[in-house]
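Chain and residue survey
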Number of protein chains: 2
Amino acid sequence: MPTQRHSSSIGLMGFGAFGQLMARHLQPHLPLVVFDPAHAPEADGSGKGLAPGSIAQVAACDIVILAVPVDRLPGAIASLRPHLRTGAIVLDVGSVKIEPARLLLAELPDDVEIIGTHPLFGPQSARNGIAGLKIALCPIRGNGFRRIAAFLRHVLKLDVILTTPDAHDRDMAMVQGLTHLVAKILVRMEPMPRRMTTKSFELLMQATEMVRHDAPGVFLAIERANPHARAVRERFFSYAEELTETLERGHRISPISAINTPIVSDSATGECLRID
Amino acid sequence: MPTQRHSSSIGLMGFGAFGQLMARHLQPHLPLVVFDPAHAPEADGSGKGLAPGSIAQVAACDIVILAVPVDRLPGAIASLRPHLRTGAIVLDVGSVKIEPARLLLAELPDDVEIIGTHPLFGPQSARNGIAGLKIALCPIRGNGFRRIAAFLRHVLKLDVILTTPDAHDRDMAMVQGLTHLVAKILVRMEPMPRRMTTKSFELLMQATEMVRHDAPGVFLAIERANPHARAVRERFFSYAEELTETLERGHRISPISAINTPIVSDSATGECLRID
């Protein structure tokens with residue numbers, strides 16, 4: 001950090017898709033140690049400058065980032081806990097914040113600081129760089145978040161949004177909840193037309209494409225670990241129901257009915273009319 | 001048309017949002033007469049070069065375009081019919097094709113040609129010009145569609161898709177049906193978060209914004225005048241139902257449950273947890 005006389009060390013727990021993205025952007029600025037038994041960074045070159053370390057080495061860093069799936073958080077915290085140093089700052093990056101914040105507060109030693117973060121981007125949206133992309137920051141304990149926010153803003157050029165876990169989860173229940181609900185339904189309706197498309201439909205397809213390859217844990221976290229997700233889901237479903245019922249009720253009346261000629265398309269069976 | 005020794009005259013019936021868009025792009029190339037009692041083009045300058053005409057004048061043109069809402073088609077056809085000339089080409093531009101094609105075939109004199117068209121764009125998507133935008137063309141009767149297609153391709157630079165009314169309506173049941181269903185549900189869920197958003201959510205919002213101001217007749221035509229729309233709607237709804245049920249069933253099991261500390265968020269009531 002700019003005001004320190006030495007560089008803060010960063011310990012990264014988790015080297016999946018997002019951990020790798022973070023490492024790529026942090027490593028040019030600060031010494032980084034990574035631990036993840038499943039995805040070992042290459043010490044020989046492909047993880048340039050990344051040192052694969054032990055849990056103890058990661059936990060001993062000034063800043064410790066938990067980049068594990070939300071449901072693996074308890075185990076990760078338990079592993080790090082014995083090795084954390086006084087005054088260390090522990091961050092998570094998961095897509096929900098209420099539950100992780102509660103967990104971190106409950107399970108970490110009292111003398112470490114805590115920040116819940118959620119980068120509002122992933123490998124896809126970040127493929128042309130991260131400048132201008134958004135990150136939510138929830139200070140949970142301590143004031144270290146100010147230096148972290150300054151670094152994120154001024155060095156990484158991120159759009160830092162200071163918020164609380166509850167405000168974050170309320171918004172994410174809609175932002176991520178609705179996007180994933182819609183995407184999952186549309187994927188089930190495939191194959192989709194590709195030739196005769198409208199611009200608005202193409203935007204829907206792009207949104208779907210962006211989230212369909214998310215790790216299953218992301219969708220589960222969004223829907224099950226966010227206490228606000230259920231209400232959003234219920235509203236979505238009830239509006240879908242109302243809409244289809246309204247359209248069903250009117251279905252028997254064809255709007256093109258002013259002529260004497262009988263309407264050939266059968267509104268009871270939905271049978272189509274071929275004109276060739 | 002390039003191969004004619006005189007310019008074909010175009011009679012435009014309907015001067016709503018789409019009629020105006022078409023007039024803007026056709027008028028530089030061919031003489032245009034417009035009829036629409038509700039939206040009179042200004043003869044004094046704002047409708048540059050547009051002559052407001054009578055139904056008879058519009059119907060007497062070489063090419064007659066019906067740009068009225070799908071449910072007004074019967075009345076429009078009846079008005080034009082007595083004045084149509086032998087060999088005239090009659091086009092519609094509605095968002096469904098099976099029903100209008102049947103109606104045009106049934107109600108127009110035998111000696112006029114018929115083309116069902118559907119420009120896959122509107123004033124919004126066309127605000128930076130129409131070059132490269134798509135238009136579906138369904139030849140119904142006669143060969144005049146070849147010259148029309150050539151003009152659309154080479155002069156207006158549109159991406160012309162030759163198809164049949166059934167193939168068109170099948171695709172539109174998904175393309176327009178799904179976009180409008182999703183948009184209508186999302187509009188009902190407003191207000192939406194604006195600050196903490198992801199790229200994929202922003203794409204959903206853009207798609208919604210593009211269609212939410214469509215004339216009510218557009219949505220009704222898409223859903224009620226397209227015999228394929230109902231099946232798409234039913235699938236959409238049943239997948240939404242399955243998805244919410246699957247998520248409900250798993251809801252009582254919080255993924256973060258490995259710790260002894262009781263989970264504070266109440267999965268039965270959905271009550272949220274405040275961490276401040």
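Residues numbered from 1 in each chain as written. Chains lettered and ligands numbered in written order. Predicted model: local features only at pLDDT ≥ 70, side-chain atom pairs only at ≥ 80, totals over all residues. Heavy atoms only, no water.

Residues and elements named next belong to chain A. Residues with a pLDDT of 70 or more make up 84% of chain A, whose mean pLDDT is 86. Low pLDDT, under 50, characterises residues 252-276; the predicted model gives this stretch 44 contacts beyond four residues in sequence or across chains. Overall fold confidence for the complex sits at a pTM of 0.84, while the interface term, ipTM, reaches 0.86. (pLDDT = per-residue confidence, 0-100. Contact = heavy atoms within 4.5 Å.)

Here we take up the packing of aromatic side chains. Residue and element names in this part refer to chain A. Under the defined criterion, the tally for this structure stands at three aromatic pairs over all chains. Ring geometry for F18 against F121: centres 6.0 Å apart, planes inclined by 45°, an arrangement best described as tilted. Highlighted residues: F18 in helix α1 (residues 17-26) and F121 in the loop between β6 (113-119) and β7 (134-141), separated in sequence by 103 residues. Its end group placed over the ring of F219, K184 keeps NZ or CZ at 4.5 Å from the ring centre. (Phe/Tyr/Trp six-rings, centres within 6.5 Å; stacked < 30°, edge-to-face > 60°. Helix = DSSP H or I, 4+ residues; strand = E, 2+ residues; numbered from the N terminus. Lys NZ or Arg CZ within 6 Å of the ring centre and 35° of its normal.)

This paragraph deals with the environment of A:Q124. Secondary-structure assignment places A:Q124 in the loop between β6 and β7. For A:Q124, a relative accessible area of 33% corresponds to the partly exposed category. (Buried < 20%, exposed > 50% of the residue type's maximum accessible area, 1.4 Å probe, protein only.)

Turning next to unusual backbone geometry. Residues and elements named next belong to chain A. Here E190 and P191 are connected by a cis peptide whose omega angle stands at 5°. Structurally, P191 is set in the loop between α6 (165-188) and α7 (199-212). Here the phi dihedral of K157 falls at roughly 60°; this positive angle occurs in a residue that is not glycine. Within the fold, K157 resides in the loop between α5 (145-154) and β8 (159-162). Overall, K157 belongs to the partly exposed group, its relative accessible area being 48%.

Next up on the list: the nonpolar core. In this structure, A:M189, A:F236, B:M189 and B:F236 are the most contacted members of the largest nonpolar core, which totals 62 residues. Among the elements of the structure, α6, α7 and α9 (229-249) of chain A together with α6 (165-188), α7 (199-211) and α9 (229-249) of chain B are those that each provide at least two residues to this core. Not counting the four nearest positions on each side in its chain, A:M189 is found in contact with B:M174, B:L178, B:V232, B:R235, B:F236 and B:Y239. The next biggest cluster of nonpolar side chains, apart from the first, holds 32 residues, and it includes A:L26, A:I130, A:I135 and A:F145. (Core = buried A, V, L, I, M, F, W, Y, C linked by side-chain atoms within 4.5 Å.)

Residues and elements named next belong to chain B. Relative to each other, α6 and helix α8 (residues 216-224) sit at 125°, their axes nearing to 10 Å. One finds that α6 runs oblique with respect to α8. Considering only the axes of α6 and α8, their crossing is left-handed. Taken together, the residues of α8 that come into contact with α6 (itself represented by Q176, G177, H180, L181 and K184) are V218, F219, I222 and E223. Looking at the contact of α6 with α8, its residues break down into four nonpolar, three polar and two charged. (Axes fitted to C-alpha atoms, helices over the stretch in contact; angles between N-to-C directions. Parallel < 35°, antiparallel > 145°, perpendicular 65-115°, else oblique. Left-handed = near helix turned anticlockwise from the far one by under 90°. Nonpolar A, V, L, I, M, F, W, Y, C, P; charged D, E, K, R; others polar.)

Another point: α8(B). Every α-helical turn comprises 3.6 residues, leaving residues that sit three or four positions apart pointing alike. Listing the buried residues of α8(B) in full gives B:F219, B:A221, B:I222 and B:E223. Turning to α8(B), the residues buried within the fold contact α9 of chain A together with α6 and α9 of chain B.

Before going further, it helps to spend a moment on the sheet that holds strand β4 (residues 63-66) of chain B. Residues and elements named next belong to chain B. Strand order across the open sheet formed by eight strands is β3-β2-β1-β4-β5-β6-β7-β8, with mixed pairing between neighbours. Of all strands in the sheet, those with a lone pairing partner are β3 (51-52) and β8 (159-162), marking the two edges. Note: strand β2 (residues 32-35) against β3, two bridges, orientation parallel. Note that in β3 the partner of V34 across the bridge is P52. (Pairing = 2+ DSSP bridges.)

Okay, the pairing of β8(A) next. All names here are of chain A. In the sheet, β7 pairs with β8 via four bridges, with the strands oriented parallel. Paired with A136 across the two strands is I161, which belongs to β8. Chirality of the crossover, the property in question, places the unit of β7, α5 and β8 among those that are right-handed. (Right-handed = clockwise from strand over helix to strand, strands pointing away.)

Residue and element names in this part refer to chain A. Summed over the entire model, instances satisfying the criterion amount to 26 salt bridges over all chains. A salt bridge links R81 to E107; the nearest nitrogen and oxygen atoms lie 3.9 Å apart. Within this pair, whereas R81 is found in the loop between α3 (73-80) and β5 (89-92), its partner E107 is found in helix α4 (residues 98-107), the two being separated by 26 residues in sequence. Judged by its relative accessible area of 38%, R81 falls in the partly exposed class. The salt bridge partner of R212 is E190, with a shortest N-O separation of 2.8 Å. One end of the pair, R212, is in helix α7; the other, E190, is in the loop between α6 and α7, with 22 residues separating them in the sequence. (Salt bridge = Lys/Arg side-chain N within 4 Å of Asp/Glu carboxyl O.)

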